[in-house]
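Each chain, letter by letter, is given below.
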Amino acid sequence: MSKFYVVSSEILPEVLEKVIEARSLLQTGKVKRISEAVKMVGISRGTYYKYKDTVFSFDQEQSRRKAVISMILRSETGSLNKVIALLSNQQVNILAIDQTIPINGVHNVSFTLDVAEMEISIQNLVHLLEEIPSVEKADLVAVE
């Protein structure tokens, strides 16, 4: 399981800030392609792809926090209900659920969550989800 830290940008390589800046350009629509974004901020595409899913900005003024968690769930009666109940018990608001049809007895489920009111860490939440017997795997995809 990944660990997350909040670290001052003063001690990090400049390239990490540029990755965040490139991702912001893409998300805001200022550029359409990754090649444009990386050229504007002065990094390579390889650098962008290496860090794009592991470096996030932190805004202390942000009143809402969002997270995306993807999981592989066994196709069993009540399995999705157990996940939803756990999220509810942890004061997590579900913003969206995306689910595939079951293939070979499992399906992929992706949750977009508002975790602003949650009192445990996101890592602990992922760990609790993985403890549900019908959850094969749970991964934190992104945090905002």
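Note that the structure is a prediction, hence the values are computed from the model and not measured.

What counts and what doesn't
- Residues numbered from 1 in each chain as written.
- Predicted model: local features only at pLDDT ≥ 70, side-chain atom pairs only at ≥ 80, totals over all residues.
- Heavy atoms only, no water.
- Salt bridge = Lys/Arg side-chain N within 4 Å of Asp/Glu carboxyl O.
- Buried < 20%, exposed > 50% of the residue type's maximum accessible area, 1.4 Å probe, protein only.
- Helix = DSSP H or I, 4+ residues; strand = E, 2+ residues; numbered from the N terminus.
- Arc of directions from axis to C-beta.
- Contact = heavy atoms within 4.5 Å.

Section: the pattern of salt bridges
Once the charged atoms of two side chains with opposite charge are near each other, the side chains can pair.
No. 1: In this structure the tally under the stated criterion is five salt bridges.
No. 2: A salt bridge links K137 to D139; the shortest N-O distance between them is 3.5 Å.
No. 3: Since its relative accessible area comes to 40%, K137 is described here as partly exposed.
No. 4: By relative accessible area, which is 33% here, D139 ends up partly exposed.

A closer look at helix α4 (residues 79-89)
No. 1: Within the span of α4, buried status applies to S79, V83, L86 and L87. Taken around the axis of α4, the buried residues stretch over an arc of 100 degrees, which confines them to a single face. Facing away from the buried surface of α4 by more than 90 degrees, the exposed residues are N81 and N89.
No. 2: At its buried positions, α4 is contacted by β1 (66-74), β2 (93-99), β3 (106-114), α5 (122-131) and β4 (135-143).
No. 3: Count one or two residues on from α4 and you reach Q91, which has phi positive near 65 degrees.

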